Amino acid sequence: MSHDGVGLRAVMRSAAFLTAGVLAVPLLSACSADDEGDRPAAAQDIAPASRDQVADGGTLRWAVDAVPETLNAFQADADAATSRVAGAVLPSMYRLDANGRPQINPAYLESAKVVGTEPKQVVLYKLNQQAVWSDGREIGAADFAAQWRALSGKDSAYWTARNAGYDRIEKIERGKNNLEVRVTFARPYADWKSLFSPLYPKSVMGTADSFNDGARRKLKVSAGPFAVKKVDVKGGQVQLTRNPRWWGSPTKLSEIDLVAVARDKRATALAADELDMAEIDPADAERITAARGRSGPLKGASATGTQSPGAGRDKGEKDDSGETTGKSKDEKARDDGKSKSESDSDSDESSDGDEKDTSGAEGSKAKAADQQAALSAFVVRKSLEPAYTQLALNGSEGPLADERVRRAVARALDRKELAKVVLKPLGLPAEPVGSHLALIGQAAYSDNSGALGGQDTAEARALLADAGWVPGGPVTEQKKTEKAAGSKGKKADTDDSPGDDGTYIVGEDNKPSEADRDLRKDPKDHTGAHERTSAQSGIQADEQQAGKQYAKQGGAQGAYAPKGTAAPAGAASGALAKDGKPLTLRFVLPSGQGSESLRAVADRIAQMLQRIGIRTDISKVSDASYFKDHIASGQYDLALYSWPGSAYPATDARPIYSKPVPAADGSLSVEQNYTRVGTDQVDQLFDQALSTLDEGEERSLVRKADARIWAAAGSIPLYQRPQLTAVRTGLANAGAFGFQTPVYEDMGFLKKGAHPVASPSKTG
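Every chain is numbered independently, its residues counted from 1 as its sequence is written. Per-residue local features of the predicted model are confined to residues with pLDDT of at least 70, and side-chain atom pairs are confined, for both listing and counting, to 80 or more; whole-chain, interface and lining totals are unaffected and use all residues. Computation of side-chain values: all heavy atoms of the structure, hydrogens and water removed.

J.: Just give me the short version of the pattern of salt bridges, but keep the residues and values in it.
T.: In what follows, salt bridge is the name for a side-chain nitrogen of Lys or Arg lying within 4 Å of a carboxyl oxygen of Asp or Glu. Overall, the coordinates contain 21 salt bridges when judged by the stated rule. Asp 466 serves as the salt-bridge partner of Arg 404, at 3.2 Å between the closest nitrogen and oxygen. Placement of Arg 404 in helix H10 (residues 403-412) and of Asp 466 in helix H12 (residues 457-466) is noted, with a sequence separation of 62 residues between them. Think of it in three bands: with a 1.4 Å probe and only protein chains considered, a residue is buried below 20% of the maximum accessible area for its type, exposed above 50%, and partly exposed in between. Accessibility expressed as a relative area gives 29% for Arg 404, which makes it partly exposed. Given the relative accessible area of 52%, Asp 466 is considered exposed. The salt bridge partner of Asp 687 is Arg 654, with a shortest N-O separation of 3.0 Å. With Asp 687 in helix H20 (residues 680-691) and Arg 654 in helix H19 (residues 654-657), this residue pair connects regions lying 33 residues apart in the sequence. Helix and strand labels come from DSSP, where a helix needs a run of H or I of at least four residues and a strand needs a run of E of at least two; each type is numbered from the N terminus.

J.: Kindly report on the sheet that holds strand S5 (residues 122-127), identifying the contributing residues and their values.
T.: If DSSP finds at least two bridges between two strands, the strands pair. Across the sheet, 4 strands lie side by side as S4-S5-S7-S6; this open sheet has antiparallel pairing. Of all strands in the sheet, those bounded by a partner on one side alone are strand S4 (109-116) and strand S6 (169-174). Strand-to-strand, the axes of this sheet are offset by a mean angle of 15°, without reference to chain direction. In this sheet, strand S7 (residues 180-185) lies alongside S5 in antiparallel orientation, the contact comprising 5 bridges. Paired with Val 123 across the bridge in S7 is Val 183. Residue contacts follow a heavy-atom distance rule, with two residues in contact if any of their heavy atoms lie within 4.5 Å. Geometry is summarised by axes, namely lines fitted to C-alpha atoms with helices restricted to the contacting stretch, and by angles between N-to-C directions that run from 0 to 180 degrees. Against the sheet, helix H3 (residues 141-151) makes contact with S5, S6 and S7, and its axis sits at roughly 160° relative to S6, the strand it touches most.

J.: Mind laying out the nonpolar core, listing which residues take part and the relevant values?
T.: Put simply, buried Ala, Val, Leu, Ile, Met, Phe, Trp, Tyr and Cys residues joined by side-chain atoms within 4.5 Å make one nonpolar core. Of all hydrophobic cores here, the largest spans 110 residues; its most connected members are Met 93, Tyr 125, Phe 196 and Leu 240. Considering each element in turn, this core owes the most residues, 7 residues, to H3. Contacts of Leu 240, omitting those with residues within four sequence positions, involve Val 85, Ala 88, Val 89, Phe 226, Ala 227, Val 228, Lys 229, Ser 254, Glu 255, Ile 256, Asp 257 and Leu 258. Counting residues in each nonpolar core, the second largest holds 66 residues, with Val 259, Leu 393, Met 608 and Ile 614 among its members.

J.: Break down the packing of H20 against helix H21 (residues 695-712) for me, with residues and values.
T.: Contact geometry for H20 and H21: axes closest at 9 Å, N-to-C directions at 165°. With respect to H21, the element H20 is oriented roughly antiparallel. Judged by the sense of rotation from one axis to the other, the crossing of H20 with H21 is left-handed. Where H20 abuts H21, its residues Gln 681, Val 682, Leu 685, Phe 686, Gln 688 and Ala 689 lie against Glu 698, Leu 701, Val 702, Lys 704, Ala 705, Arg 708 and Ile 709. Just so you know how the angles are binned, under 35 degrees is roughly parallel, over 145 roughly antiparallel, 65 to 115 roughly perpendicular, and the rest oblique. Two helices crossing with the near one rotated counterclockwise from the far one by less than a right angle form a left-handed crossing, whereas a clockwise rotation gives a right-handed crossing.

J.: Break down the packing of aromatic side chains for me, citing the residues and quoting the values.
T.: Only Phe, Tyr and Trp rings are paired, with Trp represented by its six-membered ring, and only when their centres lie within 6.5 Å; those with planes under 30 degrees apart are stacked, over 60 edge-to-face, the remainder tilted. For the structure on display, the rule yields 19 aromatic pairs. Summarising the aromatic geometry, the rings of Phe 144 and Phe 196 are spaced 4.6 Å apart at their centres and angled 45° between planes, so their arrangement reads as tilted. Of this pair, Phe 144 sits in helix H3 while Phe 196 sits in the loop between S7 and helix H4 (202-205), and the two are 52 residues apart along the sequence. Neither residue differs from the other here; Phe 144 and Phe 196 are each classed as buried. When the ring of Trp 643 is compared with that of Tyr 674, the centres are 6.2 Å apart and the planes differ by 15°; the resulting orientation is stacked. With Trp 643 in strand S19 (residues 638-644) and Tyr 674 in the loop between strand S21 (668-669) and H20, the pair connects residues that are 31 residues apart, well separated along the chain.

J.: So what's going on with the sheet that holds strand S15 (residues 576-578)? Which residues, and what values?
T.: With respect to topology, 3 strands assemble into an open sheet ordered S13-S15-S16, the strand pairing being antiparallel. The outermost strands of the open sheet, each flanked by one partner alone, are strand S13 (470-471) and strand S16 (581-582). Bridge count between S15 and S16: 2 bridges; the pairing is antiparallel. Bridge pairing in S16 places Lys 578 opposite Lys 581.

J.: Which residues make up the pairing of S5, and what are the values?
T.: For S5, the buried fraction is high: 5 of the 6 residues fall into the buried class. The pairing of S4 with S5 spans 6 bridges and is classified as antiparallel. Bridge pairing links Lys 113 to Leu 124 in S5. Taken together, S4 and the strand that follows it, S5, pair antiparallel across an intervening segment of 5 residues.

J.: Please set out the confidence of the model for the protein residue by residue, giving values where relevant.
T.: Confidence of the prediction at every residue is given by pLDDT, a number between 0 and 100. Scored by pLDDT, the protein has a mean of 79; 72% of the residues are at 70 or more. Segment residues 1-36: pLDDT under 50, and 146 contacts once partners within four positions in sequence are set aside and those in other chains are kept. Low pLDDT (under 50) marks residues 508-573, which in the prediction has 211 contacts with non-local residues, meaning those over four places away or in another chain.

J.: Tell me about H10, and please be specific about residues and values.
T.: Among the 10 residues in H10, 9 count as buried, and that is most of the element. Capping of H10 at its N-terminal end is provided by Asp 402; its side-chain oxygen lies 2.9 Å from the backbone amide nitrogen of Arg 404. Polar contact is the term for a pair of N or O atoms within 3.5 Å; when the atoms are in protein, one must be able to donate a hydrogen and the other to accept it, and sequence-neighboring residues count only if both atoms are side-chain atoms.

Here is the structure:
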């Protein structure tokens, strides 16, 4: 779940992302709707230009979150930067098109097809005769075989993150000549196109030692348009230069530098001419569009859809009451005749001091103006990231172990409204995601949310009543020493100031909810009560952590209000209770910065649940502990995090939705199913989809599996994540790629007087 868009294969398969039988059978059948996935919800935005319009030479400085710990994409600590390097320097037999569908990569393959099914599945690869490694050796069967042996899972000396697909191969051999590779499978494998992308040389895959350590900080042999020149950990960058043995279309750029820049520092780095391209957050996108003097959905728009008075400026200063004035530091300094640093000084300073302060303010204004002017050299390219944000419901313990309660939560949500909260202010299509297993534009996509049903407050209340949760039920008085902040009374790990335990309860009185008050405040005010009520953030933290595997962790008791929790004041008419306990769900959120959109979504969800009598105990926890200590270990009831889409859902999504099983040590093996909700039927449908070689049948089985996942109500897809990329004006064939695999050799700067094809984005 990387905010930077970790390669789908790396995240979904890395060691990194109660049955529904009460529903009528027709509801469990996926809709056919073959035309639903014809095109993505938003087009990619990369300023496409023909190669003859792109100049030769130049260096592209492209932001990444961090220098990769390893260049081996099949290791557990591989990340977004690992995938980016691999895409530029290594072979991939297939790459994704703009619709998220795999296509043969002609630089390496002339053809690949199933040539036999009985008695075994056999795939024949015919390689491009020009394809060679940078040391001059032909790419061939020996490389395929070495990678299979390393990733088959049969040799524990290889520290691999995954082996899906490779564990089904029986043998690999040379075909009629050196350009043919025959792969024979012991068991049929529908997603065979997912294999050998990327493909490493046998010098990396041939021994456990070389696999484990040989490609962590260097990659001596490569076969892409670029090669690794240097991994500079101290300097915070990876340098890629042209591969002199590249046989394909010549690379336009001379060099690509992947520069490690934290997301909250990227606007400053762009303005300082340290970057040419970077994925950014909405607030920085607003600054860039404001700098260019453009109007549009991004300009002044906040994550909650309200107008931001400080768009394109510094965050507002607080007045003496602690409230935000809506003025930038420079504006306040101009009004007061003082610099911010002197605002608290004694009022009897000399006039000379006042003049000095004014001079300092003017200097600050000039610096800010220069930075803003520098940002006008960039445009914002936007699309939808191939990933979706979900509401996860922990079904292992507590109220959500009852399927009726999970379904009630789901039926209370207006997913269209939640999508609008995030996407409408950015000018992107605000369509809720209708599938767990594919995104709009992909072949397997079908909106199967009907298996659960849409928003229906009356039905949600009826489900809760059927589960025994009734309004105004008797509640045992809570002991003063008991806390409801964490599972089993564990104190929440928070980043709050003294006196704030990081939690608040939505629906504890009849006053306007905190979320309601937020909508009337400046969304860029992160102070005081607003900071407490937001109780959310870290879109980056949740996405970066999701690719890590915490499999075989015990399914800890769900975190909900402990026995004896007192009924809230004024709750008799609305709040629900059962067996002396109020229906309160612990909503755990990361507390990092830069996630106004997730904060708004969490608050809206809390409001929606309050309408059906469910209180939410919102708890902020540190980014570092959010995933490991809460999501993976089951210390939550509700949580927001994202999963990437995949072109191979039968393979990649199975660990996320398969039914948890007891491990040998007695713990619950959940793989990546952190909701701990699964069914035997879903597992069977995945197994069938993996084993058929009929693509139409595979899509049908995946859709049926998705309908079953919806019906179980452990995970509720909300919206596809926005992808905002700041790009230097004149950079072509780069930006918000959407589904498509970047074509590194075509990226470059336009020649003087050349113009790209019209961009779908009108905000930059």
